[in-house]
Amino acid sequence: MSQYIPKTIEEPLVESWEKESSYKAKDSSSSKKLYVLPMFPYPSGAGLHVGHVRNYTGTDVLARFFRMNGYNVLHPIGWDAFGLPAENAAVKAKKNPMDMVPDNIKTFQRQMKRLGFSYDWSREFSTSDPEYYKWTQWLFIQFFKLGMLYKKEMPVYYCEFCKTGLAEEEVLPNGTHERCGKPIVRKTLPQWVFNITAYADRLLDDLEGLDWPHGILEMQKNWIGKSEGAEVRFKLVSGPASEQPQHKNSPCRATCQQHEIKVFTTRPDTLFGVTAVVLAPEHELVKKILKNHIKISINYYKDIQKYVEQAGKKLDLQRTDLNKEKTGVPTGLFAVNPVNGEKVPVWVADYVLGYYGYGAVMLVPAHDDRDFAFAKKYGLKIKYVISKNTTLLRPAERDYGGQVEQSKNGSKPYTGYGYMIPLKEVETFFEDSRFFKNPVSSQDFHAMVVKKLEGLHIGKRQAQYKLRDWIFSRQRYWGEPIPMVHCEKCGWSSIPEDQLPLELPYIKSYEPPKTGESPLSQVKSFVKTTCPNCGGEARRETDTMPNWAGSCWYFLAFSFWDKEKANSKSQIPRFAKATPGEPSPKKIPNPNNQNSNLFGIWNLEFGASIKKWLPVDWYVGGAEHAVLHLLYSRFWVKMLYDLKLVSFKEPFLRLRNQGMVLGPDHQKMSKSLGNVINPDDVVNEFGADTIRIYEMFMAPYNQEIAWSTHALQGGYRFLKRVWNLYEKGIENSDLRIKNPETKELNLKLNKTIKKVTKDIEELKFNTAIAAMMEFINEWEKQIQNSKFKIQNYNSKGKTKKPDNNGTIQQLNNSFSTYHAKRFLQILAPFAPFITEEIWKNTFKEKASIHLSRWPQVEEHALMDPEVVIPIQVNGKVRTVVKIKHADMTKESVLEAALKDEKIQKYVKGKSCKIHFVPGRIMNLIVT
RNA sequence: GGGCAAGUGCUGGAAUGGCAUACAGGCAAGUCUCAAAAACUUGUGGCAGUCACCUGCCGUGAGGGUUCGACUCCCUCCUUGCCCACCA
C-alpha cells in the first residue's frame, strides 16, 4: 500500500496535461459551446493570492464539469498587466514595468499550472502585449469616430509637492497623497472623456434579463442613478424695490432679464414652497457674475469671488463631507418662481454640485433636510406647503398654510409625501377656486404641476442621472498610448491604422515629470510626428489609457486569440498604407468600408469566433468589480454593437461572485498585518487538491471566509481516506475494490451523483463536497459492517476461512469497480490530481478522467425500498415509522404510527384530525 | 441618509414550508505507541428530572402574524458586514 503524497503524484500530472493540451477549446467542434470566464488577474509581484485560488478553482470546477458533460468549453486566462499598481511596484523596485511584468506573469503561470487549472493556454495574452493593445488602440479610434470621445478640461487630483496628477485611489481619505503625505488639490487638465452618459438609459434598461446577483444589479442601477422629476426655469430679476431702492435703474435691470436659471427637482409638488435658488460655485451664471457680464453690488462680488476660489481648492471629499456645516454667499440677485411670481433670493453654495443636474437647485427648506439646514443658518424663509395628514387642513387655515404648519412643526422639515396645504396662490395658478374642495395628495399634485408647467412652457418632465462622463486619460507611463495626434491647423485626428500599434517606448525614466504632464511628453521622438491630415508638424497625445481599457474587451479577444500567431509577427497580416484623408471625427464609419483594413480583419478573421463563443456564459469574479469594470465593459460592447463589430448587446449573461478570503484573524490579508497565506506553501505541504477542496468546501462560494489551517486539514484527511479506500482495495494487485455487498451503498452513490450534479450547476460547491464526504463515510461504514459480518461468520467456524480474494469477490456482487469509478468521476472536477492518478494507475485507464463522460444517475437504483415518515403530534415530531413505497397510504401509515406507545399516549381517548403528506410527513392534531 | 446582503451549536456551515444542527473543524474519552504525531473508534445545543440507560421542556437575533406544521413566508424592530452618499 502506498501512501498519499500529493506532491509526487501531482507534479508529473501537470506536465502530462500540458503536453496533451487536454483543455484546448475546439473552434471547429459542433458540440454545444460554453464560455466559462474567470476575471483575469493583474499579475502583481506577490504572486497568486488564496483569493485568486478560490475564484479560479470555482471556474475550473465548472469548466471540468461541463467538459465532462459533453460541452465544448472555452476556459481561457490572460493578464491585466497595465495600470497604476504595476507602475508603482516597478517604481519602487527601480525597474521598468516592461521588464517586471513578464517575470510576474511567469510566477502566475507556474502557480496556476501547479493548481491544476484547466485553461486553454493557447489563447493567453497580456493587455500590455503590443499585438493586443494594437486592437485596444484601434477600438479607441473607432469610438472616437463614433463621436463618443471628446477632449475637455476636467478637474483631476493633483499633488503640488510631487507635481503630478493622481488617480483617485492614491488620495487618502484625509485628502493627502498616500506617497508623500502632502495635501492634494484639484487641478484642471485637458482629458479624453467618454460620453458614457449618452448610453445611460441603455445601460440601465438592458440590466433587465441579465442573470446576475441581485445586489450587483442594484449597485449598477444606483450608480447610473436615474431620478425622474422636472426641470423648472426661474427668470433672473433685480430684487424687490423695497429691498434694493438704489438699484431701481441699476445695470442689472437690463442684463438680468435675459438670464434664467434652470433647476432640476424630483419634487415639483414642493414648488410653492421655494424660498431661494441656490447655484453651485461652478455654475455658468456665477462665472458670468465674476466676469462682470452680470453686474452686482461690489460687496457681494467680493464675497462670491472669495467663496468660489475656496470651493475650487477643496476636494470632492471635503466638499461632500456630510458632517460639514453648509456654507454659502448671497448674490443680491433674485429669481422669479414661475408658479406664483414670488421673487426669491439667489445664493451660491458648495453643497450644490456643479456636475449634477443643472448645477442649481430650488431651495425648499420646509421639505428637504439640506435646504432646511441651509435656510436655518442664513435665516432664509421656511414655507410649508405639504402636510403629513389631512387633519390639519381645516378651512380656517386655508390662507395661512405655511405659517400654521411652521408654528407647530417648525423645528424640522417634512420630507415625505402628504397632502397639499390649501393656498390661494395654488388656486390662482390652476385658475380654479374650488381646487382644494377635497384634500389633494402631494403625489397627485406632483403630476398636475408638471402638466401645467409643460402647458405654460416654463418647465417639463425630466430625468437626471448620477452617472458622469468617464475620464479616460492618465498622465502616466504604464498604459496604452492614446493613438491621437494634435495639429495646430487640423485639431485632433486619430493616427493611421497602418501605424498601429503605437508602441509604448521603452524608457529609463518614466516617473511623472514635474510638469503635471505624462512621462511620455518627455520622449521627444515619441511626441514629434506629422499630422495625418495635412502632413504638417504635429504632436502626439502623451497621455495613456486607464487600466480599464484592456479589460473592457478582453473577453472578446479570448474567442479568437492565437498566442503563437500573435507571437510570431511574420504571420500577422500587414496593413495597407493609410488611405489619404482619415474620415473626419464624429462621423460613424460605414461598417462595410473595406478601406479600413482592420475592420476587415476584425470582421473576417475574428467575427466568426466572436459569434461562436460570445456572450460569456459564466463570468465569475470578485464583487469589487460590481460597478466600474462591469459597467465599462457593458458600455464598450454597446458601442461595438452600434459599430456593428459585435451582434449582441450584453457581454456577460450570467455573473457570479466568489466571496473574499480573509486572514485567520478575520481581517483582510495584508503584509502589514502579517496574516497573508501563500498558496505555494499550502500546495507544497498538502497538495493542490487539498487547497482546492478546502476553498470550495468551507462556505458557500459567494460568501466571505476566514482562512482556517485546521479546517484545511479536514480536506486533506478526506483525500487521504479516498486514496486509502482505492489503494487498499488493490493490495493484492487485484483490480477489485474492497467492497461490501450492498445495494444501500449503490443507492447512496446514485443519490450523491444526483446531488453533486445539481449542486455544481448552482455553484453550491460546499454541499457537493459534503455529499461526497457522506458517501465516503457510508462506504467505510459498510466495509466495517462487512468485516464484522465476516468475523462473526468465521468465529462460528461453519466453513473454512475464505481467502482474501474470495472474500472480496463474495462481497462484490453489487458494488464494484464500475461504481467506484463513478464516484471518482464526480470528485474529479474538485480534485483533478488524485482522481486522475487513481484512474490511470489503479484502473489502468488510458484516457484522462477529465475527458471521460460524467456519470448518469441510475434512476432504478434511486428507488428507496422504504421511506422514513416522521409522525408529529400537534406539530412536534414524536416518532418515525418506516414504510414501503407501495404502502404509502394514510391508513397504513396511521396504523404503523399507532403501534408506537408514545403516539398512543398522546392520542388515546382524544379526537384527532390527521394531516398526511405522502412520502413526507404525518401530523396528528389532537384537540 | 439611501441601497444590498446576512444573523442557526464552541467554530465554518446544512436544511427555502415537513425529523433543526448534515458535512467539516475544535474539544473530550478511548485504541495503537516507551512516548509523541498520524490514524482509527466513541461522544459533543441548553435546562430539568434520583442526568449511565431513559424522559420531559426549551431552542435558528427580538417581538408579533399566517399555517396542521415556520430557520424557511408576512409585518415591526435590533445587530453586523458591504456598496453608494450634500445626486436636489
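Remember, it's a predicted structure, so these values are computed and weren't measured experimentally. (Residues numbered from 1 in each chain as written. Chains lettered and ligands numbered in written order. Predicted model: local features only at pLDDT ≥ 70, side-chain atom pairs only at ≥ 80, totals over all residues. Heavy atoms only, no water.)

Peer 1: So, the overall build of chain A: which residues are in play, and what are the values?
Peer 2: When you go through chain A residue by residue, the secondary structure sums to 31 helices and 27 strands. Buried positions account for 53% of the 927 residues belonging to chain A. The contacts of chain A with a sequence gap of at least 6 include a subset with a gap of at least 24, amounting to 75%. (Helix = DSSP H or I, 4+ residues; strand = E, 2+ residues; numbered from the N terminus. Buried < 20%, exposed > 50% of the residue type's maximum accessible area, 1.4 Å probe, protein only. Contact = heavy atoms within 4.5 Å.)

Peer 1: Outline the sheet that holds strand β1 (residues 33–38), listing residues and values.
Peer 2: As summarised here, the arrangement of the four strands in space is β2-β1-β20-β21, forming an open sheet in which the pairing is parallel. The sheet terminates laterally at β2 (72–74) and β21 (655–657), the two strands that pair on one side only. Each strand of the sheet is rotated relative to its neighbour by a mean of 20 degrees, with strand direction disregarded. As defined by bridge partners, strand β20 (residues 618–621) adjoins β21 across three bridges and the pair is classed as parallel. Of the residues in β21, the one forming a bridge with Val620 is Arg656. (Pairing = 2+ DSSP bridges. Axes fitted to C-alpha atoms, helices over the stretch in contact; angles between N-to-C directions.)

Peer 1: How would you summarise the nonpolar core if you had to cite specific residues and measurements?
Peer 2: Ranked by internal contacts, the top residues of the largest apolar core, which has 182 residues, are Trp636 and Phe830. Among the nonpolar cores identified, the runner-up in size contains 60 residues, and Ala335, Ala349, Phe372 and Tyr384 belong to it. (Core = buried A, V, L, I, M, F, W, Y, C linked by side-chain atoms within 4.5 Å.)

Peer 1: Quick rundown of the sheet that holds strand β27 (residues 921–926)? Include the residues and the values.
Peer 2: Strand order in the open sheet made by the four strands is β25-β24-β27-β26, with mixed pairing throughout. Here the strands that pair on one side only, and so sit at the sheet edges, are β25 (876–884) and β26 (912–917). On average, adjacent strands in this sheet sit at an angle of 20 degrees to one another, irrespective of strand direction. Where helix α30 (residues 890–898) meets the sheet, its contacts fall on β24 (866–873), β25, β26 and β27, and the angle it forms with β25 comes to roughly 120 degrees.

Peer 1: Outline the environment of Gly621, listing residues and values.
Peer 2: Here Gly621 shows up in strand β20. Counting along the chain gives 353 residues from Gly621 to Pro268, while the straight-line C-alpha distance between them is 42 Å.

Peer 1: Before we move on, can you summarise the pairing of β27 with the specific residues and values?
Peer 2: As defined by bridge partners, β24 adjoins β27 across three bridges and the pair is classed as parallel. Within β27, the position partnered with Ile871 by the bridge is Met922. Hairpin remark: β26 followed by β27, antiparallel, with three residues in the connecting loop; positive phi at Gly919, about 80 degrees.

Peer 1: Tell me what's going on with unusual backbone geometry, and back it up with residues and numbers.
Peer 2: The omega torsion of the bond from Leu500 to Pro501 falls at 0 degrees, within 30 degrees of zero and hence cis. With an omega dihedral of -5 degrees, the bond running from Leu614 to Pro615 counts as a cis peptide bond. In this fold, Pro615 is placed in the loop between α20 (597–613) and β20. Even without a glycine there, the phi angle at Lys644 is positive, about 60 degrees. Within the fold, Lys644 resides in the loop between α21 (628–642) and β21. At His666, a position not held by glycine, the phi torsion is positive, near 65 degrees.

Peer 1: So what about helix α29 (residues 832–842)? Which residues, and what values?
Peer 2: In terms of burial, α29 is a largely internal element, nine of the eleven residues being buried. Those residues of α29 that fall on the buried side of the exposure criterion are Pro832, Phe833, Ile834, Thr835, Glu836, Glu837, Ile838, Trp839 and Thr842. Just beyond α29, the residue with positive phi is Lys844, at close to 55 degrees.

Peer 1: Explain the packing of aromatic side chains to me, using residue names and the numbers behind them.
Peer 2: How two aromatic rings sit relative to each other is given by the distance of their centres and the angle of their planes. Within this structure, the stated rule accounts for 72 aromatic pairs. Their ring planes at 80 degrees and their centres at 6.2 Å tell us that Tyr56 and Phe117 sit as a pair that is edge-to-face. With Tyr56 in helix α2 (residues 50–68) and Phe117 in the loop between α4 (97–114) and α5 (130–145), this pair connects stretches of sequence that are 61 residues apart. As far as the burial class goes, Tyr56 and Phe117 line up, both buried. Taking 5.6 Å as the distance between ring centres and 45 degrees as the angle between the ring planes, the aromatic pair formed by Phe82 and Tyr133 counts as tilted. Pair noted here: Phe82 is in the loop between β2 and α3 (84–93) and Tyr133 is in helix α5, with a separation of 51 residues, a long-range link. The exposure class assigned to Phe82 is buried, which follows from its relative accessible area of 4%. The ring of Tyr417 carries the charged tip of Arg267 above its face, separated from the ring centre by 4.1 Å. (Phe/Tyr/Trp six-rings, centres within 6.5 Å; stacked < 30°, edge-to-face > 60°. Lys NZ or Arg CZ within 6 Å of the ring centre and 35° of its normal.)

Peer 1: Tell me about the packing of helix α25 (residues 743–761) against helix α28 (residues 817–827), residues and numbers included.
Peer 2: Packing of α25 against α28 brings their axes to within 10 Å, and their N-to-C directions diverge by 20 degrees. Relative to α28, the element α25 lies roughly parallel. Both α25 and α28 take part in a crossing whose hand is left-handed. On α28, the residues that touch Asn746, Leu749, Asn750, Thr752, Ile753 and Val756 of α25 are His819, Arg822, Phe823 and Ile826. Here the contact of α25 with α28 is built from residues that sort into five nonpolar, four polar and one charged. (Parallel < 35°, antiparallel > 145°, perpendicular 65-115°, else oblique. Left-handed = near helix turned anticlockwise from the far one by under 90°. Nonpolar A, V, L, I, M, F, W, Y, C, P; charged D, E, K, R; others polar.)

Peer 1: Before we move on, could you go through the pattern of salt bridges and cite the residues and values that matter?
Peer 2: Taken as a whole and assessed by the stated rule, the structure comprises 40 salt bridges. Across the salt bridge formed by Arg656 and Asp211, the nearest N and O atoms sit 3.2 Å from each other. Placement of the pair is Arg656 in strand β21 and Asp211 in the loop between α6 (200–205) and α7 (214–224), with a sequence separation of 445 residues. For Arg656, a relative accessible area of 23% puts it in the partly exposed group. Classification of Asp211 by relative accessible area gives partly exposed; the value is 34%. The salt bridge partner of Asp368 is Arg370, with a shortest N-O separation of 2.6 Å. Using a relative accessible area of 46% as the deciding quantity, one classes Arg370 as partly exposed. Salt bridges sharing common partners tie together Asp206, Arg634, Lys638 and Glu650. (Salt bridge = Lys/Arg side-chain N within 4 Å of Asp/Glu carboxyl O.)

Peer 1: Now, about a nonpolar patch on the surface: what can you tell me, with residues and values included?
Peer 2: Side chains of Val868, Val877 and Val880 sit close together on the surface and give an oily, nonpolar patch of about 250 Å² of accessible area. On the secondary structure map, Val868 appears in strand β24. (Patch = residues over 30% accessible without salt bridge, like charges linked within 9 Å, V, L, I, M, F, W, Y side chains within 5 Å. Areas by Shrake-Rupley, 256 points an atom, 1.4 Å probe, with all protein chains shown as cover.)

Peer 1: If you had to explain the pairing of strand β16 (residues 484–487) to someone new, which residues and values would you point to?
Peer 2: In this structure, β16 lies alongside strand β17 (residues 491–494), joined through four bridges in antiparallel fashion. Each bridged residue has a counterpart across the sheet, and for Met484 the counterpart in β17 is Ser494. Of the strand pairs in this sheet, β16 and strand β19 (residues 537–540) are connected by two bridges, and their pairing is antiparallel. Bridging across to β19, His486 finds its partner in Arg539.

Peer 1: Quick one: what's the story with the packing of α5 against α20, residue by residue and with numbers?
Peer 2: At a minimum axis distance of 11 Å, the contact between α5 and α20 shows a crossing angle of 115 degrees. Every pair of crossing elements has a handedness; the one defined by α5 and α20 is left-handed. Residues Trp135, Trp138, Leu139 and Gln142 of α5 touch α20, and the partners they reach there are Leu598, Phe599, Ile601, Trp602 and Phe606. Across the contact of α5 with α20, the residue classes tally to eight nonpolar, one polar and no charged.

Peer 1: Tell me what's going on with the environment of Thr107, and back it up with residues and numbers.
Peer 2: The topology assignment puts Thr107 in helix α4. Considering only alpha carbons, one finds Thr107 and Asn292, 185 residues apart in sequence, at a separation of 63 Å.

Peer 1: Provide a residue-level description of α7, including the pertinent values.
Peer 2: Within the sequence span of α7, burial applies to Ile216, Leu217, Gln220 and Ile224. The buried residues of α7 occupy an angular sector of 100 degrees when projected down its axis, which confines them to one face. Opposite its buried face, α7 presents the exposed residues His214 and Asn222, each directed more than 90 degrees away. Check the buried side of α7 and you find it contacts α6, α21 and β21. Remark: Gly225 follows α7 within two positions and exhibits a positive phi of approximately 55 degrees. (Arc of directions from axis to C-beta.)

Peer 1: Break down the confidence of the model for chain A for me, with residues and values.
Peer 2: The predicted model of chain A averages 83 in pLDDT, with 85% of residues at 70 or higher. Between residues 241–251, whose pLDDT stays under 50, and residues either more than four places distant or in other chains, the model counts eight contacts. When the criterion is pLDDT under 50, residues 790–814 qualifies, and its contacts beyond four places in sequence or with other chains add up to 24 contacts. Per the prediction output, this complex has pTM 0.88; the corresponding ipTM is 0.94. (pLDDT = per-residue confidence, 0-100.)

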